[in-house]
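A look at the structure
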Amino acid sequence: QVQLVESGGGLVQAGGSLRLSCAASGRTYSRFMAWFRQAPGKEREFVAAILWSGISTYYADSLKGRFTISRDNAKNTVTLQMNSLKLEDTAVYYCAVDSIGSSGSYLSPLRYDYWGQGTQVTVSS
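Please read all numbers here as calculations on a predicted model, not as lab measurements.

Our focus in this paragraph is the nonpolar core. One finds W35, L80, M82 and Y93 to be the most contacted residues of the largest nonpolar core, which totals 37 residues. Mapped by element, the contributors of at least two residues to this core are β1 (2–7), β3 (18–26), β4 (32–38), β5 (45–51), β7 (67–72), β8 (77–82), β9 (91–97) and β11 (119–124). With six residues, the single largest contributor to this core is β5. Those residues in contact with M82 that sit more than four places away from it in its chain are G16, S17, L18, L20, R66, F67, Y93 and V121.

The subject of this paragraph is the pairing of β4. Of all the seven residues making up β4, six are buried; the element is thus mostly covered by neighbouring parts of the structure. With six bridges joining them, β4 and β5 adopt antiparallel strand pairing. Its bridge partner being in β5, R37 is matched across the sheet by E45. Linking two consecutive strands that pair antiparallel, namely β4 and β5, is a turn of six residues; a positive phi of about 80 degrees is found at G41 within it.

The share of residues in the protein chain with pLDDT of 70 or more is 99%, and the mean pLDDT across the chain is 94. Across the protein chain, element-level confidence peaks in β11 with a mean pLDDT of 98 and bottoms out in β1 with 93.

For the rest of this paragraph, the subject is the pattern of salt bridges. What the rule picks out here adds up to five salt bridges. Across the pair R37 and D89 runs a salt bridge whose closest N-O atoms are separated by 2.9 Å. Of this pair, R37 sits in strand β4 while D89 sits in the loop between β8 and β9, and the two are 52 residues apart along the sequence. Residue classification places R37 among the buried residues on the basis of a relative accessible area of 7%. For D89, a relative accessible area of 0% corresponds to the buried category. Of the charged contacts, one joins R66 and D89 as a salt bridge, the two residues approaching to 2.8 Å between their closest N and O atoms. In this pair, R66 is assigned in the loop between β6 (57–59) and β7 and D89 in the loop between β8 and β9, connecting sequence segments 23 residues apart.

Before going further, it helps to examine the environment of Q117. You can see Q117 is positioned in the loop between β10 (114–115) and β11. What makes Q117 partly exposed here is its relative accessible area of 49%. Between the C-alpha atom of Q117 and that of K86, which follows or precedes it by 31 residues, the distance is 23 Å. Sequence-distant contacts of Q117, that is, excluding residues within four places in its chain, are made with L4, V5, E6 and Y94.

Turning to the sheet that holds β7, a few remarks are in order. The strand order across the open sheet formed by four strands is β1-β3-β8-β7, and the pairing between neighbours is antiparallel. Each having just a single partner strand, β1 and β7 make up the two edges of the open sheet. Geometrically, the sheet is characterised by an average inter-axis angle of 15 degrees between neighbouring strands, direction not taken into account. Pairing of β7 with β8, which is carried by six bridges, proceeds in the antiparallel orientation. When the bridges of β8 are listed, S70 appears paired with T79.

The rules behind these values
Residues numbered from 1 in each chain as written. Predicted model: local features only at pLDDT ≥ 70, side-chain atom pairs only at ≥ 80, totals over all residues. Heavy atoms only, no water. Core = buried A, V, L, I, M, F, W, Y, C linked by side-chain atoms within 4.5 Å. Buried < 20%, exposed > 50% of the residue type's maximum accessible area, 1.4 Å probe, protein only. Helix = DSSP H or I, 4+ residues; strand = E, 2+ residues; numbered from the N terminus. Contact = heavy atoms within 4.5 Å. Pairing = 2+ DSSP bridges. pLDDT = per-residue confidence, 0-100. Salt bridge = Lys/Arg side-chain N within 4 Å of Asp/Glu carboxyl O. Axes fitted to C-alpha atoms, helices over the stretch in contact; angles between N-to-C directions.

Below is the structure:
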């Protein structure tokens, strides 16, 4: 079992920045750690992913250049730095981890076996 705990959400004005963190504990034999988000009335969407080793990162095309995902292997955490935030970035952000045997694209929430509780990010005008 893997436990994921997110932190760092909150209220920020448009153009501002937030930093989300996700701490993983338990038996963590995974390939990807990822962030997804879900706005009210919308499907959960891929934000960014990083290989467990930290050597490769992947982003939703629309977020490239504004969001940065990183990993601290020693602390078993993954961080999402969000800059130049827009109103449409408002959502609940979820950390997710897959398993070594997981199938499917890293873009799909169906690949991921473990999820955090979510942290609210609200961008105001």
